[in-house]
Amino acid sequence: MKRTITTILLSTLLIVSYSQSTDSITNTSVDTITEPIIIESKLISKSVDEFTDEVDYFVEGMVFYADGGDLKTEGMIMQLFLKSKNEKLKAGTMYFKVAGMTGCIDKGSTLIVMFENGTKTTLTNFNSFSCKGVNYFSIAGKEDLFKNNKIKALKYTNKRTYESMVVKNNMTDDNKTHLMNILLEIDKINSGEVTVGLTKE
């Protein structure tokens, strides 16, 4: 008789335990399906014109301080402009301002980029003329190079004066990976892994 009662109690406990386990699995599955995780980019944002619905994408610039400079007024400012084509985001023109050099600059001034793997590439300014140190470069066709390699050093040369500025010893970890991180983020956005939020005013 005692054995029969014990058997009944064990059977009841097993049924209740199985029922609770099944409910737990079902609820977890439902929660996972109905609450997808949305990741918003921390590097790239956008603004939308309320009249034309035109979308502009924005990414923060990066300061590179010149070797031997005062770490305040001598260096380079780099900002990559972004554009959208066929609903895909891509790198556009690179805005590049040099501060602390004398004289105006002209089309044809160069930026040599040295990567940590030893590879080098030269970008050529296509901005016609500027007395404010403004250059425009293109990395079209070189996106994979910048995406897969950290920058080791930069050397800018003014075509008009032949004056140069180097950033190597003052190259920070953020400097090294700035363009790499932006280009990798673009890939995540285009694949739908990351979304683009509105620029905060």
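Structure: see above.
On a predicted model such as this, the values are computed, not experimentally measured, just so you know.

Here Lys-147 is to be found in helix H2 (residues 143–148). Looking at Lys-147, its side chain comes within polar contact range of the side chain of Asp-187, at 2.8 Å. What Lys-147 contacts, discounting residues up to four positions off in sequence, is Met-180, Leu-183, Leu-184 and Asp-187.

One pass over the full model with this rule turns up four salt bridges. Residue Glu-116 is joined to Lys-176 by a salt bridge in which the shortest nitrogen-to-oxygen separation is 3.3 Å. Highlighted residues: Glu-116 in the loop between strand S7 (110–115) and strand S8 (120–124) and Lys-176 in helix H3 (residues 173–191), separated in sequence by 60 residues. Using a relative accessible area of 44% as the deciding quantity, one classes Glu-116 as partly exposed. Taken together, the salt bridges that share partners define one network made up of Asp-144, Lys-147 and Asp-187.

Pairing of strand S1 (residues 40–48) with strand S2 (residues 55–59) involves five bridges; the strand directions are antiparallel. Looking at the pairing, Ser-45 lines up with Phe-58 of S2.

A few words now on the state of the cysteines. Here is the idea: a disulfide is a covalent bond, and it sits between the sulfur atoms of two cysteines. Following the criterion strictly, the structure yields one disulfide and no others. Across a sulfur-sulfur distance of 1.8 Å, Cys-104 and Cys-131 are joined as a disulfide pair. As the torsion about the S-S bond is roughly 90°, the Cys-104-Cys-131 disulfide counts as right-handed. Within this pair, whereas Cys-104 is found in the loop between strand S5 (88–99) and strand S6 (105–106), its partner Cys-131 is found in the loop between strand S9 (129–130) and strand S10 (134–138), the two being separated by 27 residues in sequence.

Attention now moves to unusual backbone geometry. Phi at Asn-86 is positive, roughly 55°, even though this residue is not glycine. The residue Asn-86 is located in the loop between strand S4 (75–85) and S5 in this model. Classification of Asn-86 as exposed rests on a relative accessible area of 69%. The phi angle at Glu-87 is positive, at roughly 65°, despite the residue not being glycine. Considering the arrangement of structural elements, one finds Glu-87 in the loop between S4 and S5.

Our focus in this paragraph is the packing of aromatic side chains. In total, this model carries six aromatic pairs according to the counting rule given. An angle of 70° between the planes, with centres 5.5 Å apart, marks the rings of Phe-96 and Phe-137 as edge-to-face. A residue pair is termed long-range when its members are at least 10 positions apart, and Phe-96 in strand S5 and Phe-137 in strand S10 qualify at 41 residues.

Together, Asp-49, Glu-50, Asp-53, Glu-54 and Asp-56 give the surface a local cluster of negative charge. Here Asp-49 shows up in the loop between S1 and S2.

Pairing geometry for S4 and S5, over 10 bridges, is antiparallel. The residue of S5 that forms the bridge with Met-76 is Val-98. Between S4 and S5, which pair antiparallel in sequence order, lie two residues; one of them, Asn-86, sits at a positive phi of approximately 55°. For S5 and S10, the ladder comprises five bridges, and the chain directions are antiparallel. Paired with Phe-96 across the bridge in S10 is Asn-135.

Definitions and cut-offs
- Residues numbered from 1 in each chain as written.
- Predicted model: local features only at pLDDT ≥ 70, side-chain atom pairs only at ≥ 80, totals over all residues.
- Heavy atoms only, no water.
- Helix = DSSP H or I, 4+ residues; strand = E, 2+ residues; numbered from the N terminus.
- Polar contact = N/O pair within 3.5 Å; in protein donor to acceptor, adjacent residues only side chain to side chain.
- Contact = heavy atoms within 4.5 Å.
- Salt bridge = Lys/Arg side-chain N within 4 Å of Asp/Glu carboxyl O.
- Buried < 20%, exposed > 50% of the residue type's maximum accessible area, 1.4 Å probe, protein only.
- Pairing = 2+ DSSP bridges.
- Disulfide = S-S within 2.5 Å.
- Phe/Tyr/Trp six-rings, centres within 6.5 Å; stacked < 30°, edge-to-face > 60°.
- Patch = residues over 30% accessible without salt bridge, like charges linked within 9 Å, V, L, I, M, F, W, Y side chains within 5 Å.
- Areas by Shrake-Rupley, 256 points an atom, 1.4 Å probe, with all protein chains shown as cover.
- Lys, Arg positive; Asp, Glu negative; His and termini not counted.
- Charge placed at Lys NZ, Arg CZ, Asp CG, Glu CD.

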